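A closer look at the structure
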Amino acid sequence: MPKALRLVPKTVLLALVAGCSAGTPAPAPPAPTPGPAPSAAGVAKAAGATNGVSPAYRLEIPEFISRAVARGTRTTTGVPGPNYWQQYARYRLEAELNPVLKRLTGRGRVVYFNRSPDSLPVVYVQAYQNLFRPDAKRNMQTPKLGGIDFDKVVAGGKPLSEVAKPGEPGYTVNGTIMEIRLPSALAAGDSLVLDFEWQFRVQSETAPRGGQDGEVWFISYWYPQMAVYDDYNGWQIDQYLGRGEFYMGYADYDVKLTVPTGWIMDATGSLENAAEVLSPQTRTRLDSARTTTGIVHVVTEKDKADSVVTTRGTGGKLTWHWTAKNVRDFDWGTSPRYLWDAARAVTDSANGTVTASSVASAFYRPEGVRSYWDEATRYGRHAVEFYSHKLWSFPYPHMTPMDGPDGCGGMEFPMLTCIGGTYDSLTMYEVVSHEIGHSWFPMMVGSDEKRYAWMDEGFTQYDQSQAMADFFKGFDDEARNRNYYLRGAEAGYEEDMMKPADKYSNDASYGVAAYWKPATVLVALREILGRPTFEKAFQEYGRRWTGKHPTPWDFWNTFDDVTGQDLSWFWKEWFYETWKLDQALDTVRTEGDSVAIVLENRGRIIMPVPLAITREGGAVEYAQVPVDVWFSGERRYTYRVGGKPKVTRVEVDPHHALPEIDRSAKIWPRGSELRQRDNTPEVRRRRR
Ligand SMILES: [Zn+2]
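What this report covers is the structure whose coordinates are included nearby. The structure presented is a predicted model; accordingly, all values stated were derived computationally and were not measured.

On to the nonpolar core. Nonpolar side chains in soluble globular proteins tend to end up buried together. Counting 196 residues, the largest nonpolar core has I180, W222, W332, F555, W569 and F570 as the members making the most contacts within it. No other element matches helix α12 (residues 507–529), which puts 14 residues into this core. Those residues in contact with F570 that sit more than four places away from it in its chain are V521, L525, I528, F575 and M607.

Here you go:
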């Protein structure tokens, strides 16, 4: 979801302003000295070794993960296990949108493939639209125009009715989850055919993540979608309450959507009947966008006035046919008012030759130019190309930000983003690049956003910062994230990152835990590992888990595996705790022919200590004090370096890459006077 500034309390927003201008640009990061590298980290962990880490910093493995490892579906190295499995589905859906009644009516068939080793007497289906029932449980404000009505539910050819009696075949709808008790259990390796007919009122523009404002229609969470049954939860049937997002399985889609003639549409997947719905002119322009390097205006205001955008259809309607393979959802947007820009995005190349490409598009209303929608194609193309290069190649046929109802804020979908609200050029790039970043996490790497929001939002926030630094040369979005986290924590909005999204006390705490802190923690990890090692591990995690369902332990184990380090202390203290980092430079003194740099760990977080040591003449040496100096609970550590040439300056965290709660007492010489200021009750309180 959104890179929602509205989630952030005012105090934190103020910090953002400071964050943008604060921070002296640090020198280019050198290759850090390698940290401690306990060999055979995976082996040590598997054997329950602790490597001298005090119990407070030990990462406990929950039973459901140990069980998955024992069954061979997951491993202690973060590679999917030899017995890894996941369910699959094939959806064939048809829907018609009636814009006068504001109703969607749909029908469809789901073939559900049980690849688990379990027999399933019951299956679960998402009924997300029930978030909008007047009596729904929810943790955000929404319109209450009603939920989804099922007119027909058929399992294996047998019509089912809503039942109250346990044990009998039938279905019951509890909030946003439908339970279907099957006439006969779905055996391991077998498949099930479900048929549905349904309808609902399309929500108004204040609904989250889709709806209509009378002009644009963004249709999401609109069909009965199978809940996820996986190897570590079984059925994951947490209710959709509003804040917490989604956990979706991979599937193929074949979808026919009927809307009025003259409206244009974009959707997840490929348009199969372009010749039936798009005019020859529109098709020619779209084709040219695939091959030229410029931005093509596929549909202009004049084209709309001349009614030359679509074909004529029948009875004032057109049916658009879409297909998509191996995606976790299918969504669509449509409007009579949209303009359409498109450009080729290069997603892979070799020796200067393009080897793969996609189409970056934007659909927007003419007045959207005030929010830089006429730049959205260029922004989107940059984001797709940047992430393709930085992470791995974007595999889908198109990526389309769509101008949506206000309530969308910014919301990601496979191959689409719905963006509502007003923006300047910086925030428009920000929201476009953020939502497109979600194509990697969670669209490709399909984690559970409800239980582990940071694997989706935190990673995307981190990626967005990389894209922004590239697009707005030198823009320090990482400093912004860090300020949001630190100021949020200071204001009492920090709760641990391992809570399900719906369990946070408020939206601000969710914002810190899902966005700002994890993005910041990744930067800190990159600083202590070195950028090449960090990026190698991050990419390897993606490579291993694309199209699959990773857990936090798969992410952590992959990092331990790829780096050859046991980082469990890091995962424990940053992800499970709300401790603070405060590493101070106590004093620097000459001892014989060497120099003693006395460090003090004043917070509960333990970390390696990156140092920059400047010598007479200006040469700067970078060093990293390994984390294990703190393992036994020591609060002070003396790091020694040679005394010649004379040491003139020492700085802790010279790249300002770590989320230090207190930035005083980081530089010598100036330490002595700062130390006193640094010991005020205010600072002591913050350090806890
Ligand atoms: Zn997001």
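Applying the stated rule across the entire model yields 46 salt bridges. D135 is the salt-bridge partner of R133, the closest N and O atoms lying 3.2 Å from each other. A residue is classified by how much of its surface remains accessible, and R133, at 34% relative accessible area, is partly exposed. The partner of E540 in a salt bridge is R543, with the nearest N and O atoms 2.8 Å apart. With a gap of 3 residues between them, E540 and R543 both fall in helix α13 (residues 531–545), about one helical turn apart. Looking at E540, the relative accessible area reads 17%, which means it is buried. Here the salt bridges share partners, and the residues they tie into one network are D213, E215, R337, R365, E367 and D403.

A complete count under the given rule lists 73 aromatic pairs for this structure. With a centroid separation of 5.0 Å and 85 degrees between ring planes, the pair formed by F471 and F472 is classed as edge-to-face.

What follows concerns the packing of helix α10 (residues 457–471) against helix α11 (residues 477–490). Running from N to C, α10 and α11 point in directions that differ by 145 degrees, and their axes come no closer than 8 Å. Each of Q461, Y462, Q464, S465, Q466 and M468 in α10 lies in contact with α11, whose residues at this interface are D477, E478, R480 and N481. Here the contact of α10 with α11 is composed, by residue class, of 2 nonpolar, 5 polar and 3 charged.

What follows is about the packing of helix α7 (residues 376–390) against helix α8 (residues 425–437). Remark: α7 packs on α8, axes separated minimally by 9 Å, with the N-to-C direction vectors making an angle of 45 degrees. Looking at the two axes, α7 sits oblique to α8. At the point where α7 passes α8, the crossing takes the right-handed sense. Taken together, the residues of α8 that come into contact with α7 (itself represented by A376, Y379, G380, H382, A383, V384 and Y387) are S425, M428, Y429, V432, S433, H434, I436 and G437. When its residues are assigned to classes, the contact of α7 with α8 shows 9 nonpolar, 6 polar and no charged.

Turning to the environment of D586, a few remarks are in order. Residue placement: D586 occurs in strand β25 (residues 583–591). The class of D586 is buried, set by a relative accessible area of 12%. Each C-alpha atom of the pair D586 and L599 lies 5.3 Å from the other, and the pair is 13 residues apart in sequence. Reaching out from D586, the side chain makes a polar contact with the side chain of R636 at a distance of 2.8 Å.

Looking now at the sheet that holds strand β23 (residues 410–413). A sheet is described by the order of its strands in space; here 6 strands give the open sequence β17-β20-β21-β22-β24-β23, paired in mixed fashion. Each edge of the sheet is formed by a strand with only one pairing partner; in this case those strands are β17 (296–299) and β23. The mean inter-strand angle of the sheet, taken between neighbouring strand axes irrespective of direction, is 25 degrees. Summarising the sheet, strand β22 (residues 398–403) and strand β24 (residues 416–419) pair through 4 bridges and their orientation is parallel. Residue pairing in the sheet places T400 in a bridge with L416 of β24. Strand contacts of α7: β20 (339–350), β21 (353–364) and β22, with the helix running at about 20 degrees to β20, the strand carrying the most contacts.

Turning our eyes to something else, we now look at the sheet that holds strand β15 (residues 264–267). Here we have 4 strands laid out as an open sheet, ordered β9-β10-β19-β15, and antiparallel in their pairing. Each having just a single partner strand, β9 (211–212) and β15 make up the two edges of the open sheet. The pairing of β15 with strand β19 (residues 332–335) spans 4 bridges and is classified as antiparallel. Counterpart to I264 in the pairing with β19 is S335.

Here T460 is to be found in helix α10. According to the relative accessible area criterion, T460 is buried, its value standing at 0%. Within the structure, T460 has its side chain in polar contact with the side chain of H438 (distance 3.0 Å). Residue contacts for T460: discarding those within four places in its chain leaves H434, G437, H438 and F441.

A complete count under the given rule lists 1 disulfide for this structure. A sulfur-sulfur distance of 2.0 Å marks the disulfide that ties C408 to C418. Linking C408 and C418, the disulfide has an S-S dihedral of approximately 90 degrees and is accordingly described as right-handed. In this pair, C408 sits in the loop between β22 and β23 while C418 sits in strand β24, placing the two residues 10 residues apart along the sequence. You can call C408 buried: its relative accessible area is 2%.

The subject of this paragraph is unusual backbone geometry. Omega for the bond connecting F441 with P442 falls within 30 degrees of zero, at 15 degrees, which places this linkage in the cis form. Within the secondary structure, P442 is located in helix α9 (residues 439–444). The amide bond that connects W668 to the next residue, P669, takes the cis arrangement and shows omega of 5 degrees. Tracing the sequence through the fold places P669 in the loop between β31 (667–668) and α16 (671–677). In this structure, S307 takes a positive phi of about 55 degrees despite not being glycine. Looking at the secondary structure, you find S307 in the loop between α6 (301–305) and β18 (317–327). Given the relative accessible area of 60%, S307 is considered exposed.

Considering the arrangement of structural elements, one finds S664 in the loop between β30 (647–652) and β31. When its relative accessible area of 11% is taken as the criterion, S664 is described as buried. A polar side-chain atom of S664 sits 2.8 Å from a polar atom in the side chain of D662.

About the cut-offs
- Residues numbered from 1 in each chain as written.
- Predicted model: local features only at pLDDT ≥ 70, side-chain atom pairs only at ≥ 80, totals over all residues.
- Heavy atoms only, no water.
- Core = buried A, V, L, I, M, F, W, Y, C linked by side-chain atoms within 4.5 Å.
- Buried < 20%, exposed > 50% of the residue type's maximum accessible area, 1.4 Å probe, protein only.
- Helix = DSSP H or I, 4+ residues; strand = E, 2+ residues; numbered from the N terminus.
- Contact = heavy atoms within 4.5 Å.
- Salt bridge = Lys/Arg side-chain N within 4 Å of Asp/Glu carboxyl O.
- Phe/Tyr/Trp six-rings, centres within 6.5 Å; stacked < 30°, edge-to-face > 60°.
- Axes fitted to C-alpha atoms, helices over the stretch in contact; angles between N-to-C directions.
- Nonpolar A, V, L, I, M, F, W, Y, C, P; charged D, E, K, R; others polar.
- Parallel < 35°, antiparallel > 145°, perpendicular 65-115°, else oblique.
- Left-handed = near helix turned anticlockwise from the far one by under 90°.
- Polar contact = N/O pair within 3.5 Å; in protein donor to acceptor, adjacent residues only side chain to side chain.
- Pairing = 2+ DSSP bridges.
- Disulfide = S-S within 2.5 Å.

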